[in-house]
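# Analysis of the macromolecular model
What follows is each chain in one-letter form.
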Amino acid sequence: MNEIASDLAAWRARITRPAGPLGAASRAVQRRINRIIPEKVHAAVTAAMQGMTRAILTGADFATASPLHNASLEDREAKVRAAIDGWKKAAGAEGGVAGAGGFLLAAADFPLLMSFKLKLLFEIAALYGHDGSVLSERLYILHIFELAFSDVEHRVRVLAAMDDWDTRPHPTDLADFDWRAFQQQYRDHIDLAKLAQLLPVVGAPVGAVVNWRLTAHLGETAMMAYRMRWAAA
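Let us look at the structure shown here. Note that the structure is predicted; figures quoted are calculated from it, not measured. (Residues numbered from 1 in each chain as written. Predicted model: local features only at pLDDT ≥ 70, side-chain atom pairs only at ≥ 80, totals over all residues. Heavy atoms only, no water.)

### Description of the environment of Arg76
The condition that has to hold: Secondary structure elements are defined from DSSP: runs of H or I of at least 4 residues count as helices, runs of E of at least 2 residues count as strands, and each element is numbered from the N terminus. Each residue is assigned to one of three classes by its accessible area relative to the maximum for its type, calculated with a 1.4 Å probe on protein chains only: buried under 20%, partly exposed between the two thresholds, exposed over 50%. Here, two residues are considered to be in contact whenever any of their heavy atoms come within 4.5 Å of each other. What qualifies as a polar contact is a pair of N or O atoms within 3.5 Å, subject to a donor-acceptor requirement within protein and to the restriction that residues adjacent in sequence count only when both atoms come from side chains.
Turning to its location among the elements, Arg76 is positioned in helix H4 (residues 73–100). Arg76 sits in the buried class, given a relative accessible area of 6%. In sequence terms Arg76 and Gly129 are 53 residues apart; their C-alpha atoms lie 8.7 Å from each other. Excluding residues that lie within four positions of it along the chain, Arg76 makes contacts with Leu68, His69, Asn70, Ala71, Leu127, Tyr128, Gly129 and Trp230. Here Leu68 takes part through its backbone oxygen, which lies 2.7 Å from a polar atom of the side chain of Arg76.

### Quick word on empty space enclosed by the protein
Put simply, the rule reads: We place a 1 Å grid over just the protein atoms. Points where a 1.4 Å probe fits but has no way out form a cavity, open points with protein on both sides within 12 Å along at least 5 of 7 lines form a pocket, and any residue with an atom within 4 Å of a point lines it. Grid points are joined across faces, edges and corners, and a volume is the space filled by probe spheres set on the points. When residues are grouped by polarity, Ala, Val, Leu, Ile, Met, Phe, Trp, Tyr, Cys and Pro land in nonpolar, Asp, Glu, Lys and Arg in charged, and all others, Gly among them, in polar.
Tallying each qualifying case throughout the model produces one cavity of 30 Å³ or more. If you trace the largest cavity, you find it lined by Phe145, Glu146, Phe149, Ser150, Phe182, Gln185 and Tyr186. For the lining of the largest cavity, the secondary-structure elements that each account for two or more residues are helix H6 (135–148) and helix H8 (179–195). For the lining of the largest cavity, the element with the most residues is H8, which contributes three residues. Grouping the amino acids of the lining of the largest cavity by side-chain chemistry returns four nonpolar, two polar and one charged.

### Things to note about the packing of H6 against helix H7 (residues 152–162)
The description of two packed helices rests on the angle between their axes and on the distance between the axes. For clarity, the cut-off: Only C-alpha atoms enter the line fits that serve as axes; for helices the fit covers just the stretch in contact. Angles between N-to-C directions range over 0 to 180 degrees. An angle counts as roughly parallel when it lies under 35 degrees, as roughly antiparallel when it exceeds 145, as roughly perpendicular when it falls between 65 and 115, and as oblique in every other case. Take the far helix as your reference; a near helix turned counterclockwise from it by less than a right angle gives a left-handed crossing, and one turned clockwise gives a right-handed crossing.
Where H6 contacts H7, the axes come no closer than 9 Å and their chain directions differ by 150°. In this view, H6 runs roughly antiparallel relative to H7, as classed from their interaxial angle. In terms of crossing hand, the pair formed by H6 and H7 is left-handed. Only His154, Arg155, Val158, Leu159 and Met162 of H7 make contact with H6, whose side of the interface consists of Tyr140, His143, Ile144, Glu146 and Leu147. The class makeup of the residues in the contact of H6 with H7 is six nonpolar, two polar and two charged.

### Things to note about the environment of Ser150
Here Ser150 shows up in the loop between H6 and H7. In contact with Ser150, not counting residues within four places along its chain, are Arg155, Gln185 and His189. At a separation of 2.5 Å, a polar atom in the side chain of Ser150 contacts the main-chain carbonyl oxygen of Glu146.

### Details of the nonpolar core
Inclusion rule: By nonpolar core we mean a set of buried residues, namely Ala, Val, Leu, Ile, Met, Phe, Trp, Tyr and Cys, connected to one another through side-chain atoms within 4.5 Å.
Ile144 and Phe145 are the most contacted members of the largest nonpolar core, which totals 52 residues. Mapped by element, the contributors of at least two residues to this core are helix H1 (2–15), helix H3 (39–59), H4, helix H5 (102–127), H6, H7, H8 and helix H9 (203–232). In terms of residues, this core owes the most to one element, H5, which gives 10 residues. Apart from the residues within four sequence positions on either side, Phe145 is in contact with Met114, Lys117, Leu118, Leu121, Phe182, Tyr186 and Leu218.

### A word on the packing of aromatic side chains
The criterion, for reference: Whether two aromatic rings pair depends on their centres lying within 6.5 Å, for rings of Phe, Tyr and Trp, where Trp uses its six-membered ring; planes under 30 degrees apart make the pair stacked, over 60 edge-to-face, and the rest tilted. Two limits define a charge over a ring: the Lys NZ or Arg CZ must be within 6 Å of the ring centre, and within 35 degrees of the ring normal.
Using the criterion set out here, one finds 11 aromatic pairs in the structure. Aromatic side chains Phe145 and Phe149 sit 5.1 Å apart centroid to centroid with 65° between the ring planes, which places their arrangement in the edge-to-face category. This pair shows no difference in class: Phe145 is buried, exactly as Phe149 is. With centroids separated by 5.6 Å and ring planes inclined at 70°, the aromatic side chains of Phe177 and Phe182 adopt a geometry described as edge-to-face. Considered together, Phe177 and Phe182 belong to a single accessibility category, that of buried residues. An aromatic cluster of three or more residues is present, and its members are Phe145, Phe149, Phe177, Trp179, Phe182 and Tyr186. Lys117 extends its terminal NZ or CZ atom over the ring of Phe149, reaching a point 4.2 Å from the ring centre. Between the NZ or CZ atom of Arg229 and the centre of the ring of Tyr140, over which it lies, the distance is 4.5 Å.

Okay, here's the thing in structure tokens:
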């Protein structure tokens, strides 16, 4: 348990460390771009992102595994690492195909990759013994997603909301979730990486590598997020 506490402390320090000059400059550019984009466009993107994500969350009802009970943390995390490896390979293969297929397939990669990521999070939740059909668990999954794909200021707020998760009250409807921040943080986080997927010739290998790394990063974030709850239990 001491080792877990040490790993968690190091992880929290890393993800809440202020952005360096390059990261701050990149974020400033993204914020200027967001201010230029008309509000009706932001609203439309938010609605689309919310609709797509909620559809995936609802569809997960049919594929969500039962929570794993009576297993040690070591056994659970061995299964989690295997799940992450499987989804990394699937996401990498899909990204390579999309990158080789030009703009239309690269555009289709966005919802597919989102689906892969959320399915991975549902699988990880079950392996740590949590029921993904429960609203509070779905909210936790969305917060994990935010932790993985947000700037440092937003990560600090999300992390604070996740602390003591099992002892605090939660919203009773997904509509109460901040979908605007969710979509904007995610879009800003992956825009530069995914734009290279649209380039001719290099699109396929870039798409494969980017999807692989994004999925691996999400899996690592999920492991640490569920270790937080394990340590607090």
